[in-house]
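Residue-level structural notes
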Amino acid sequence: MIGVAAPAALLHAAPGVGVRLVGVAVVVAVMVSYVLFRDWERFGPLLLRHPALLAADTLIGSLLLVSAGPDTTLAYVGVCTPLLAGLLYSWRGAACFASLQALILFVVHLTLKADRSAPVAEALLLPGLCVVAGALGSTLRGLMLRFGAATEALTAVRARLAAAEAVTAERARLAREMHDSVAKTLYGVALAADGLATTAAAPAPDPARIREQAELVSRSARRAATESRELLMDLRREQPERTTPIEPSKPSKPFWSELADCVRDFACRTTLHVTCACPDPPATLPPLAAAPARALLAVATEALENAHRHADATRVDVRLRVDGTLLRLTIYDDGRGLPPGTTLEQLRARGHFGLLGMVERAAQAGARIRIGRGTHPRGTEVRVELPLRTPES
């Protein structure tokens, strides 16, 4: 707008010194506006600290306004000055600059149109707009400050929520690890110790049997200590920030082989009849990354242990197959099953965290889990369905 009004200002300026002053005023006004627009982050704080700079800009604009006349676009540029003052200096600055700019516009209008019968309303129009612009700038400043405070408060709340979620997730992870490692090992230690006490209390104890059971207790205790140490090291380990993403590593053995070993070990430790059915040949199963493979193995191990400890089952069937784009793992036992109406909240309140850990591990792996009777008249079926990545995805 200053550039558009510059020709009119130069034409109406007095020859000689007047034209030079107006030309300098045009160049200064254009350059100052351009610099403020381009580098506001740098010069905005300077303008905040020194309101005299805005006053100098107002006086330079008044020199152009006197030369160009109140009917040019420079008059509307002057109306914007109180708006900027309201944004920068609140209502006090808006009042000062609105009064100054309104006085300049009013005086220029009366001076240049003194020989014309201009109505009073026309002379007061632009000064009135200056007052309105100043009030509008002050109001916008208040709204912006409140919005900034609300944004900072929202950011702080989000940061606290993120920290709380991180702590909750870490606590849940440690609870799962302890349940799947230390707690189970200690339970085995307790069972081995009970067996040792029963053997020792027999009328004719077998020294070899006592030695075997004592060695089992010792091995189990050392294993529990090792697992506890690993958990402590995991807590103490510092995780450095990585600048590049790391590709998920594949398990050292195929998932179906890991599952078969797990079922085989479980069958050796218990008296249950366990069957494990995989596709024939197993090589048709797609490879899994380490994270989902560990989650599925943990779910299968927990389901087997539940069938042995709590279900009074005589048979356990483990099935693994690919159904379209889903890898489906099913563990079924013919035990007494879950009581009707059982929920995770009830199990958590009673101190049973096995099923809760299974659900959390399945969710972390991106799988869907169902726990119930399924299509069987009795028993418990744990079904996990993991979406497989297709070549197109």
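Heads up: the structure comes first, above all this text.
Now for a look at the structure at hand. (Residues numbered from 1 in each chain as written. Predicted model: local features only at pLDDT ≥ 70, side-chain atom pairs only at ≥ 80, totals over all residues. Heavy atoms only, no water.)

Side note on the overall build of the protein
- Along the backbone of the protein there are 11 helices and 5 strands.
- Here the analysis covers contacts within the protein between residues at least 6 apart in sequence; of these, 69% occur between residues at least 24 apart.
- Of the roughly 24,400 Å² that the protein leaves accessible, carbon and sulfur atoms contribute 63%. (Helix = DSSP H or I, 4+ residues; strand = E, 2+ residues; numbered from the N terminus. Contact = heavy atoms within 4.5 Å. Areas by Shrake-Rupley, 256 points an atom, 1.4 Å probe, with all protein chains shown as cover.)

Considering helix 2 (residues 17-38)
- Spanning 22 residues, helix 2 covers 31 Å between terminal C-alpha atoms, matching the ideal 32 Å at 1.5 Å per step.
- The set of residues buried in helix 2 consists of V22, A25, V26 and A29. With its buried residues spanning 100° around the axis, helix 2 presents them on a single face. Of the exposed residues in helix 2, those oriented more than 90 degrees away from the buried face are V17, R20, V24, V27 and R38. (Expected span 1.5 Å × (residues − 1). Buried < 20%, exposed > 50% of the residue type's maximum accessible area, 1.4 Å probe, protein only. Arc of directions from axis to C-beta.)

Comments concerning the sheet that holds strand 1 (residues 273-277)
- With respect to topology, 5 strands assemble into an open sheet ordered 1-2-3-5-4, the strand pairing being mixed. If you trace the sheet from one side to the other, it starts and ends with strand 1 and strand 4 (368-372), each paired once. Averaged over all neighbouring strand pairs, the angle between strand axes comes to 10°, with direction disregarded.
- Relative to strand 3 (residues 326-333), strand 2 (residues 315-323) runs antiparallel, the two sharing 8 bridges. If you follow V322 over to strand 3, its bridge partner there is L327.
- Seen against the sheet, helix 9 (residues 290-309) touches strand 2, strand 3, strand 4 and strand 5 (380-387) and runs at an angle of roughly 15° to strand 3.
- The strands touched by helix 11 (residues 354-364) are strand 4 and strand 5; relative to strand 4, the strand with the most contacts, the crossing angle is about 155°. (Pairing = 2+ DSSP bridges. Axes fitted to C-alpha atoms, helices over the stretch in contact; angles between N-to-C directions.)

Focus: the pattern of salt bridges
- Within the structure shown, the criterion is met by 10 salt bridges.
- For R336, the salt bridge goes to D312, with nearest N and O atoms at 2.4 Å. Here R336 is found in the loop between strand 3 and helix 10 (344-349), whereas its partner D312 is found in the loop between helix 9 and strand 2, with 24 residues between them in sequence.
- You can call D312 exposed: its relative accessible area is 56%.
- Within the structure, one salt-bridge network assembled from shared partners comprises D323, R328, R368 and E385. (Salt bridge = Lys/Arg side-chain N within 4 Å of Asp/Glu carboxyl O.)

Notes on the environment of L288
- Mapping L288 onto the fold places it in the loop between strand 1 and helix 9.
- A sequence separation of 100 residues divides L288 from L388, and the C-alpha atoms of the two residues are 8.7 Å apart.

Considerations on the packing of aromatic side chains
- One pass over the structure, following the stated rule, counts 1 aromatic pair.
- Consider the rings of Y89 and F97, whose centres lie 6.1 Å apart with planes at 20°: the pair is stacked. Residue Y89 shares its accessibility class with F97, and that shared class is buried. (Phe/Tyr/Trp six-rings, centres within 6.5 Å; stacked < 30°, edge-to-face > 60°.)

Examining the pairing of strand 5
- Along strand 5, 6 of the 8 residues are buried, which leaves the element largely enclosed by surrounding structure.
- Looking at chain direction, strand 3 and strand 5 are connected through 8 bridges and run antiparallel. What sits directly across from L329, in strand 5, is V384.

Section: a nonpolar patch on the surface
- Among the surface-exposed residues, L136, L140, L143 and M144 lie close enough to one another that they form a single nonpolar patch of about 370 Å² accessible area.
- Mapped onto the secondary structure, L136 falls in helix 6 (residues 120-200). (Patch = residues over 30% accessible without salt bridge, like charges linked within 9 Å, V, L, I, M, F, W, Y side chains within 5 Å.)

Things to note about the state of the cysteines
- Tallied over the full model, the rule gives 0 disulfides.
- With no disulfide of its own, C130 lies closest to C80 among cysteine sulfurs, the gap being 9.3 Å.
- You can call C130 buried: its relative accessible area is 0%.
- Considering cysteine sulfurs only, C278 is the nearest to C276, which forms no disulfide, with 4.2 Å between them. (Disulfide = S-S within 2.5 Å.)

Here's the deal with the environment of H376
- If you trace the backbone, H376 turns up in the loop between strand 4 and strand 5.
- Residues within four places of H376 in sequence aside, it is in contact with Y332 and E381.

Concerning the packing of helix 9 against helix 11
- Here helix 9 crosses helix 11 at 160°, and the two axes come no closer than 9 Å. By the criterion of interaxial angle, the relationship of helix 9 to helix 11 is roughly antiparallel. Handedness of the crossing formed by helix 9 with helix 11: left-handed. Together, A295, A298, V299, E302, A303 and N306 of helix 9 and G354, L355, M358 and R361 of helix 11 make up the contact between the two elements. (Parallel < 35°, antiparallel > 145°, perpendicular 65-115°, else oblique. Left-handed = near helix turned anticlockwise from the far one by under 90°.)

No statement about biological role is implied by the geometric values presented.
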